[in-house]
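# Close look at the chain arrangement
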Amino acid sequence: VILLGLDSFRPDFLESRPESLPSIRRFASEATLFTDVTTPLARTFPSWVSIITGRHPHTTGAVINLLPRDLISTGTTLPEYLRNAGYRTVYAIDEVRFSNLDTTYGFDQMVTPSLGATDFLLGFFGDAPLSNLVTNTRLGRWLFPYLHGNRAAAKTYYPETFVSMLDSEIRFDEPTFLAVHLTLAHWPYTWADSQTLASNGSALPLYEQAIARLDRQFAEVIKVLERKGALDNAVVVVLSDH
C-alpha cells in the first residue's frame, strides 16, 4: 500500500499544463480519478494527520503545523492498523519544518532529513562553499545531516538526492505500507539548480517551474518502486495535502 503525496499540487494543472506533467498525467490516465476531494485544512501536518486517521483536525487537535505529539489525539492510525495486520510501515518526507509525523503515529521507519533547531537556520547557513560541494554526496549525508536531501535548504537541495535516500533506505521484502511526501512544489519554488525566472511580482512562473521538476521527481520515485518490485502487487494512491 503506497501513498505518494505531492505538496501544494494544483489539480487544474493536469489539464492546463499537460506539457509540464507527463509522468503524473500518465499515472492519472491509468488510475481511478477522484474529482470531488477536499482537504480538511490546507496545512501539511494537519492534512496528513487526517489522511492517516480519517478524522477532522478539530477532532485530532492537529489544527496547525508542528504541534507537540501530546496535543494530538489520533485514535488508531492507518499505519497502526496495517502494522497490526503484518505490514512494515514507512514514512518519508524531504521537508520536516512543517510536518513532524514520527514513529509515534504508527511508522516503523522514517526516511527524512535530520530534524532539530538547526533546521530553521538552513536557508541562511546552508549556502557555504563546503556544504555546496559535498551536501549531496554520501559524505555529505554524514557531515551535513540537516542539509542532505532537505527541501528546507533550497539552495543545496537537489530533488534526486531525496530519491536516492528512498532508494537506499526502503526495502520491500515483506508487506509494506509506504507514505512518501514530495514537497518540491511548496514555496519558495526554487532548488539548487533551478532557473532564475523573471516573475514580475508573481509566484506563478516559479510554481510552474517547480511543478515541472516535481513531475520528473515523481517519475524517478516510480522507477525506484518499479525496480524494487514494489508495484507488482500494490495499491498506489497519489494525492495532495492541499
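Look up: the structure comes first, before these words.
The rules behind each value
Sequence order as written defines the numbering, with residues in each chain counted from 1. The predicted nature of this model means local features are confined to residues of pLDDT at least 70 and side-chain atom pairs, given and counted, to a pLDDT of 80 or more, with totals for whole chains, interfaces and linings taken over all residues. Here the side-chain values reflect all heavy atoms present in the structure, with hydrogen atoms and water set aside. Secondary structure counts use DSSP, requiring at least four H or I residues in a row for a helix and at least two E residues in a row for a strand, with both numbered from the N terminus. Whether two residues are in contact is decided by their heavy atoms, any of which lying within 4.5 Å being enough. Reported accessibility uses the Shrake-Rupley method at a 1.4 Å probe radius. Residues are deemed covered only where the shown protein chains occlude them. Residue types Ala, Val, Leu, Ile, Met, Phe, Trp, Tyr and Cys, when buried and joined through side-chain atoms within 4.5 Å, form a set referred to as a nonpolar core. Buried means the residue's accessible area, taken with a 1.4 Å probe over protein chains only, is under 20% of the maximum for its type, while exposed means over 50%, and partly exposed covers the values in between.

Each helix and strand in the chain was counted, giving 10 helices and 5 strands. Expressed as a percentage of contacts within the chain between residues at least 6 apart in sequence, the contacts between residues at least 24 apart total 66%. In the structure as shown, the chain presents an accessible area of about 12100 Å², 54% of it carried by carbon and sulfur atoms.

A word on the nonpolar core. Of all hydrophobic cores here, the largest spans 35 residues; its most connected members are Leu4, Phe9, Phe162, Leu166, Val180, Ile211 and Leu214. Within the residue set of this core, elements represented by two or more residues are strand E1 (2-6), helix H1 (13-16), strand E2 (88-93), helix H9 (159-169), strand E4 (176-182) and helix H10 (204-227). Broken down by element, the residue count for this core peaks at 10 residues, all from H10. Look past the residues within four positions of valine 180 in its chain and what remains in contact with it is Leu3, Leu4, Gly5, Trp48, Ala92, Phe162 and Leu166. Phe45, Tyr91, Leu101 and Leu239 belong to the second largest nonpolar core, which has 18 residues in total.

In short, shape yes, function no, at least from these values alone.
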